[in-house]
Amino acid sequence: MNIVFLGAPGAGKGTQASMLAKKYQIPHISTGDIFRQNIKDQTPIGLVAKGYIDRGQLVPDEVTVELVKGRICQDDCVNGFILDGFPRDVAQAEALANFAKIDAVIDIVIPLDRLTKRLTGRRICAKCGESYHVDFLGGVSNCSKCDGELIQRADDTVETVQNRLNVYTVKTAPVIEFYENTGLLKDVNGDQPVQDVFQEIIEVLNDLH
Ligand code: ADP
Ligand code: ZN
C-alpha cells in the first residue's frame, strides 16, 4: 500500500509513520529526515536545503520532487511506502500523482495552538531520530532506544516554528483539499495519546479493504 501522511509540523506524522512502517514492513520516507541526513553529510542537496530549512521555508519543489521520485523507484518500495512530509504543496501533490499511485492519505488533525509547545519542547535523538518532549523527559538527556544524545532541532526554535506554521497554513493546508477531491483523504484525531492515534490509523486503513 502507498500511503501519504499529512499534518501540521508537530502533529505527530513522523512518529506515526515510523510505527506504521514497522507494522507493515514498508519503508518510511521522510523528506525532512532525508534533508537532515544530507545536511549532516554536506552533500550538494544538503547545502541547498539548509538555508531553507533553517528559516522554516520549503526547499524548492524541483529539488524535493526529484528526491522523492528517485527514492520511491528503489526496490524496497515495490510493496508500498509511507510518505511523511511530502507532498507539502499542491505542485508537489500534482507531481506525485504523475509518478505514483497513492492508495490512502491520512491527515493527522490537531488544533494549531497545540503545536508551538509541542515543537519548541521537542528533543530528538542525534543518532536514531526518535523524538521526545522535555515535559516527559524528567531531565534524561539520552535516547531510551540507542543511548544517543538528545538535541533540539535547529528549526524547532520559537521564531522558526512560527514560520513553519505559517508555511503550513498557506502552502500545505491546500493539499488537504486536493486529496479530498480525489476521495483518498482520511482524517485521524492527533490530539490524543500516541497509541490511540495509531489505533485510529490502523482502523482507517483496515476499512479500505
Ligand atoms: P515538520 O513536519 O515537523 O516541519 P519535517 O522534518 O517534515 O518537519 O521538515 C523539516 C523541514 O524540511 C521543513 O520545514 C522544510 O524546510 C523541509 N522539507 C521537508 N519536506 C519538504 C517538502 N516536501 N518540500 C519542501 N521542503 C520540505
Ligand atoms: Zn536514539
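Values in this document were obtained by computation on a predicted structure and should not be read as measured data. (Residues numbered from 1 in each chain as written. Chains lettered and ligands numbered in written order. Predicted model: local features only at pLDDT ≥ 70, side-chain atom pairs only at ≥ 80, totals over all residues. Heavy atoms only, no water.)

J.: Describe in detail the site of ligand 1, supporting the description with residues and values.
T.: Around ligand 1, 20 residues are found, and the nearest of them are Thr31, Gln57, Gly85, Gln92 and Arg164. The side chain of Lys13 places a nitrogen or oxygen atom 3.0 Å from an oxygen atom of ligand 1. Contact with the protein chains covers 97% of the free accessible surface of ligand 1, which is 550 Å². No other element matches helix α2 (residues 31-40), which puts 4 residues into the shell around ligand 1. Taken together, the residues that form the shell around ligand 1 break down as 6 nonpolar, 7 polar and 7 charged. (Near = heavy atom within 4 Å. Polar contact = N/O pair within 3.5 Å; in protein donor to acceptor, adjacent residues only side chain to side chain. Areas by Shrake-Rupley, 256 points an atom, 1.4 Å probe, with all protein chains shown as cover. Helix = DSSP H or I, 4+ residues; strand = E, 2+ residues; numbered from the N terminus. Nonpolar A, V, L, I, M, F, W, Y, C, P; charged D, E, K, R; others polar.)

J.: Which residues make up the sheet that holds strand β8 (residues 185-189), and what are the values?
T.: What the 5 strands build is an open sheet, ordered β2-β3-β1-β4-β8; its pairing is parallel. The outermost strands of the open sheet, each flanked by one partner alone, are β2 (28-30) and β8. Between one strand axis and the next, the sheet turns through 25 degrees on average, direction left out of account. In this structure, β2 lies alongside strand β3 (residues 81-84), joined through 3 bridges in parallel fashion. Across the sheet, His28 pairs through a bridge with Ile82, a residue of β3. Sitting on the sheet, α2 is in contact with β2 and β3, with an inclination near 65 degrees to β2. (Pairing = 2+ DSSP bridges. Axes fitted to C-alpha atoms, helices over the stretch in contact; angles between N-to-C directions. Contact = heavy atoms within 4.5 Å.)

J.: Can you tell me about the sheet that holds strand β6 (residues 131-133), naming the residues and giving the values?
T.: As summarised here, the arrangement of the 3 strands in space is β6-β5-β7, forming an open sheet in which the pairing is antiparallel. Each edge of the open sheet carries a strand with a single partner, namely β6 and β7 (150-151). Here strand β5 (residues 122-125) runs beside β7; their pairing, made up of 2 bridges, is antiparallel. Within the sheet, the bridge partner assigned to Ile124 lies in β7 and is Ile151.

J.: Describe the pairing of strand β4 (residues 104-109), and please don't skip the residues or the numbers.
T.: Where a strand is regular, its side chains alternate between the two sheet faces. Taken across its 6 residues, β4 has 5 buried, putting it largely inside the fold. Examined bridge by bridge, β4 and β8 share 5 bridges and lie parallel to one another. Counted as the bridge partner of Ile108 is Val188 from β8. (Buried < 20%, exposed > 50% of the residue type's maximum accessible area, 1.4 Å probe, protein only.)

J.: Before we move on, could you go through helix α3 (residues 44-55) and cite the residues and values that matter?
T.: By the burial criterion, the buried members of α3 are Gly46, Ala49 and Ile53. Along the long axis of α3, the arc covered by the buried residues comes to 70 degrees, so they all point the same way. Every exposed residue of α3 that faces more than 90 degrees away from the buried side is listed here: Pro44 and Leu47. Those residues of α3 that are buried are in contact with α2 and α8 (158-182). Among the residues trailing α3, Gly56 stands out with phi positive, at a value near 80 degrees. (Arc of directions from axis to C-beta.)

J.: Give me the environment of Glu149: which residues, what numbers.
T.: By secondary structure assignment, the location of Glu149 is in the loop between α7 (134-137) and β7. Not counting the four nearest positions on each side in its chain, Glu149 is found in contact with Ile124, Cys125, Ala126, Ser141 and Asn142.

J.: With reference to specific residues and values, describe the side chain of Thr160.
T.: Tracing the backbone through its elements, the reader meets Thr160 in helix α8. Classification of Thr160 as buried rests on a relative accessible area of 7%. Separated by 3.2 Å, the side chains of Thr160 and Thr157 make a polar contact.

J.: Residue-level account of the coordination of the zinc ion (ligand 2), with values.
T.: For a metal with four tetrahedral donors the ideal donor-metal-donor angle is 109.5 degrees, while six octahedral donors give ideal angles of 90 or 180 degrees. Those protein atoms acting as donors to the zinc ion (ligand 2) are Cys125 (SG), Cys128 (SG), Cys143 (SG) and Cys146 (SG), and they sit at 2.3 to 2.4 Å. With 4 donor atoms in place around the zinc ion (ligand 2) and angles of 95 to 117 degrees between them, the coordination shape is tetrahedral. Each donor residue of the zinc ion (ligand 2) lies on the same chain, and together they follow the pattern C-x2-C-x14-C-x2-C. Cys146 sits in the partly exposed class, given a relative accessible area of 27%. (Donors = N, O, S within 2.8 Å, 3.2 Å for Na, K, Ca; no water. Tetrahedral: all angles 85-135°; square planar, octahedral: opposite > 155°, others 65-115°.)

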